[in-house]
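This is what each chain is made of:
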Protein chains: 2
Amino acid sequence: MPSSHAPGGPDPSTGTGQQTGSIITVDDPDDPRLSDYTGLTDVELRRRREPAEGLFIAEGEKVIRRARHAGYRMRSMLLSAKWIDAMRDVIDEVPAPVYAVSPELAERVTGYHVHRGALASMQRKPLPEPGALLSGAERVVVMESVNDHTNIGAIFRSAAALGMDAVLLSPDCADPLYRRSVKVSMGAVFAVPYARLDPWPRGLETVRDAGFPLLALTPDEKAVPLEAATGPAASRRTALLLGAEGNGLSTRALRAADEWVRIPMAHGVDSLNVGAAAAVAFYAVTR
Amino acid sequence: MPSSHAPGGPDPSTGTGQQTGSIITVDDPDDPRLSDYTGLTDVELRRRREPAEGLFIAEGEKVIRRARHAGYRMRSMLLSAKWIDAMRDVIDEVPAPVYAVSPELAERVTGYHVHRGALASMQRKPLPEPGALLSGAERVVVMESVNDHTNIGAIFRSAAALGMDAVLLSPDCADPLYRRSVKVSMGAVFAVPYARLDPWPRGLETVRDAGFPLLALTPDEKAVPLEAATGPAASRRTALLLGAEGNGLSTRALRAADEWVRIPMAHGVDSLNVGAAAAVAFYAVTR
């Protein structure tokens, strides 16, 4: 349903843009209104800037719609002309400015060729306290030191798809709202609520105190096979601890766990990749 | 246990190399003895060349050892100097020539910086017939049109780790022995036997005739939940059909199946990525 727009005409704030409804054509890559989108390929810079400035970037029509649907406020959109029709309903509904740019300008500003043609800068929401998150949850995943954006995104996608209720992250886990995490998760980072558990690993006590046995996923031979620790006889409330690809869980996290569980390995293979292991474990604890 | 070497001295075949045991130092990027390793980053070229010339490339110490352990014959190795000690036992055991090169030369020949420092050219083995493969198997995965090397590698790794007995591939699936597939699989492509099913999908009859019900994995609402189709009551012999990321199984493959199974989805997520879905399905059918 189209809403009414602010009247058209040139944008008085800089004099360089043209406004049609809330659509502002920008052709200067240094236009300060585009600053949310600058240097998107500079991971180090963006990792600092985005949480500090309270924003994150959603990329592509599907992910932008999912972020909106999850209640994130839109700060602005950056669209190439051919995406304006596809995003018309969103443009009409949100009060945020929409910057129409050429693909070349988008590339100069962001640092890469924006294949998906649509970017949105969204406002972060304050993270919930772990206790609040746990009160309504039954199956929880706790990640330690998963500092790779692709892995975080993949694990969120599986956690959401397989019905995990909440995610808790050690302080050194990667940001689920970083552009790459969001993209790999296909927006699932918006669907499952998450919080940071700080200090680490002492914060795990909050989880246990809330009535969740802590199951640590580890390839260690001394661990119980996953199927023996899950299934109908297991506690309805379960917190599953996952470590990073390669190193797995730290000794401190393993010590803090109530039980160690492992996915039995065949054919002499020593491990699954962390995404596959997480998916299998989520499937097992949610059946 | 070191074996005896061929006597040292300059290599008479080109006059450019020095031979130490079976180690030949090469400093000419156009040396024809390096032709197995040229243009490794040219995917299209290598996809044609490698099957035609009967070779594949194993990259990194672990993967090279796993290929040897699986009985593949080594044609040659390309090592930078610092890898010679680490690979000494392999060098001593195999009759294949070992080309010692500088990292710069390795990069000029292959087209990329060889981080892992060790490459081996291995001889392919003839693929088994599907019937022969199926005779000793219980849990089989059949892939249709999985033409992405990363996905093929990831699925093989999970198939091996979770105890699938064999893999069957439609004619348009990617090559499991392509360098990227091998690497992502961590060598699991050597651990699970595989064959091509040709013609497609008529070849599926071979699978059914061998006593395997065909379970097609699909997000279709009409499909049975995975847990209802697997578990102790299910047939010991099971062939699980997987399609590619995005498109999933073709209508023809779905029609050829005996039963459709789905992984129930939560939080409004429409799908798992193909690697996660495969891992979950393998776990379910092998319990």
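Sequence positions are assigned chain by chain, starting from 1 and proceeding in written order. Key to labels: chains lettered from A, ligands numbered from 1, both in the order written. With the structure being a predicted model, the display of local features is reserved for residues of pLDDT at least 70 and the display and counting of side-chain atom pairs for 80 or more, all residues being used for whole-chain, interface and lining totals. Here the side-chain values reflect all heavy atoms present in the structure, with hydrogen atoms and water set aside.

Attention now moves to the layout of surface pockets. Using only the protein atoms, space was sampled on a 1 Å grid; points where a 1.4 Å probe fits but cannot get out form cavities, open sets with protein on both sides within 12 Å along at least five of seven lines form pockets, and lining residues are those with an atom within 4 Å of a point. Grid points are joined across faces, edges and corners, and a volume is the space filled by probe spheres set on the points. There is about 1200 Å³ of room inside the largest pocket. Forming the walls of the largest pocket are 44 residues, and the residues nearest its centre are Thr150(A), Asn151(A), Asn273(A), Thr150(B) and Arg180(B). Comment: elements are numbered from the N terminus, with helices defined as DSSP H or I runs of at least four residues and strands as E runs of at least two. For the lining of the largest pocket, the secondary structure elements donating two or more residues are helix H2 (61-69), helix H6 (149-161), helix H7 (179-184) and helix H11 (274-286) of chain A together with helix H2 (61-69), helix H6 (149-161), helix H7 (179-184) and helix H11 (274-286) of chain B. Reported here for the second largest pocket is a volume of approximately 520 Å³. Taken together, 24 residues make up the lining of the second largest pocket; nearest its centre are Thr218(B), Pro219(B), Asp270(B), Ser271(B) and Leu272(B). Each residue gets one label: Ala, Val, Leu, Ile, Met, Phe, Trp, Tyr, Cys and Pro are nonpolar, Asp, Glu, Lys and Arg are charged, and the others, such as Gly, are polar. Split into classes, the residues belonging to the lining of the second largest pocket amount to 12 nonpolar, 7 polar and 5 charged.

Residue and element names in this part refer to chain A. Stacked, tilted and edge-to-face are the three classes applied to pairs of Phe, Tyr and Trp rings, where Trp contributes its six-membered ring and a pair requires centres within 6.5 Å; stacked means planes under 30 degrees apart, edge-to-face means over 60, and tilted covers the rest. Under the definition given, this model contains 8 aromatic pairs over all chains. Centroid distance Phe156 to Tyr194: 5.6 Å. Interplanar angle 80 degrees. Geometry classified as edge-to-face. Here Phe156, found in helix H6, pairs with Tyr194, found in strand E10 (residues 194-196); they are 38 residues apart in sequence, far enough to count as distant. When accessible area is computed with a 1.4 Å probe and restricted to protein chains, residues below 20% of their type maximum are described as buried, those above 50% as exposed, and intermediate ones as partly exposed. Residue class for Tyr194 comes out buried when judged on its relative accessible area of 6%. Two limits define a charge over a ring: the Lys NZ or Arg CZ must be within 6 Å of the ring centre, and within 35 degrees of the ring normal. Of note, Lys125 hangs over the ring of Tyr72, and the distance from its end group to the ring centre comes to 4.4 Å.

Turning our attention to the domain arrangement of chain A. All names here are of chain A. Segmenting chain A into domains produces domain 1 (9-123) and domain 2 (130-286). The domain boundaries here were taken from an automatic or database domain assignment. Taking only C-alpha atoms into account, the centre of domain 1 sits 33 Å from that of domain 2. On the domain 2 side, the residues contacting the 17 residues of domain 1 number 10 residues. Summed over both partners, the accessible surface that disappears when two parts come together, traced with a 1.4 Å probe, is what is meant by buried area. When domain 1 packs against domain 2, close to 1300 Å² is buried across both sides, 61% of that on carbon and sulfur atoms. A pairing counts as a salt bridge when a side-chain nitrogen of Lys or Arg comes within 4 Å of a carboxyl oxygen of Asp or Glu. There are 2 salt bridges connecting domain 1 and domain 2. A salt bridge links Glu59 to Arg179; the shortest N-O distance between them is 3.5 Å. Any two residues whose heavy atoms approach within 4.5 Å at even a single point are treated as in contact.

What follows concerns the packing of H6(A) against H11(A). Residues and elements named next belong to chain A. With axes taken as lines fitted to C-alpha atoms, and helix axes fitted only over the stretch in contact, angles between N-to-C directions fall between 0 and 180 degrees. Running from amino to carboxyl end, H6 crosses H11 at an angle of 20 degrees, the nearest separation of the two axes being 9 Å. As summarised for this structure, H6 and H11 are arranged roughly parallel, according to the angle between their axes. Crossing handedness for the pair H6 and H11: right-handed. Counted together, Asn151, Ile155, Ser158 and Ala159 of H6 and Val274, Ala278, Ala279 and Phe282 of H11 form the full contact between these two elements. Looking at side-chain class alone, the contact of H6 with H11 contains 6 nonpolar, 2 polar and no charged residues. For this classification, under 35 degrees means roughly parallel, over 145 means roughly antiparallel, 65 to 115 means roughly perpendicular, and everything else is oblique. In this scheme the handedness of a crossing depends on how the near helix is turned from the far one: anticlockwise by less than a right angle means left-handed, clockwise means right-handed.

A few words on empty space enclosed by the protein. Residues and elements named next belong to chain A. By the definition in use, this model includes 1 cavity of 30 Å³ or more. Within this model, the largest cavity holds a volume of roughly 40 Å³. If you trace the largest cavity, you find it lined by Leu78, Leu79, Ser80, Val101, Ala106, Val114, Gly117 and Leu119. At 3 residues, strand E5 (residues 74-80) tops the list of elements feeding residues into the lining of the largest cavity. For the lining of the largest cavity, the residue count by class is 6 nonpolar, 2 polar and no charged.

We now examine the sheet that holds strand E11 (residues 214-217) of chain A. All names here are of chain A. Reading across from one edge, E10-E9-E8-E13-E11-E14-E12 is the order of the 7 strands in this open sheet, with parallel pairing throughout. One side of each edge strand has no neighbouring strand; the edge strands of this open sheet are E10 and strand E12 (224-225). A pair of strands counts as paired when DSSP detects no fewer than two bridges linking them. Sheet analysis places strand E9 (residues 166-169) next to E10, joined by 3 bridges and oriented parallel. Bridge pairing in E10 links Val167 to Tyr194. Against the sheet, H6 engages strand E8 (139-143), E9, E10 and strand E13 (238-242), with an angle of about 175 degrees to E8. Strands in contact with H11 are E8, E11 and E13; relative to E13, the strand with the most contacts, it is inclined by about 170 degrees.

As a further point, take the interface of chain B and chain A. Across the boundary between the two partners, chain B contributes 32 residues, which contact 32 residues of chain A. With both chains or domains summed, chain B and chain A bury close to 2500 Å², and 56% of this area falls on carbon and sulfur atoms. For the chain B face of the interface with chain A, the top three residues by lost area are Arg157(B), His267(B) and Tyr283(B), together amounting to 26%. Applying the counting rule to chain B against chain A returns 6 salt bridges.

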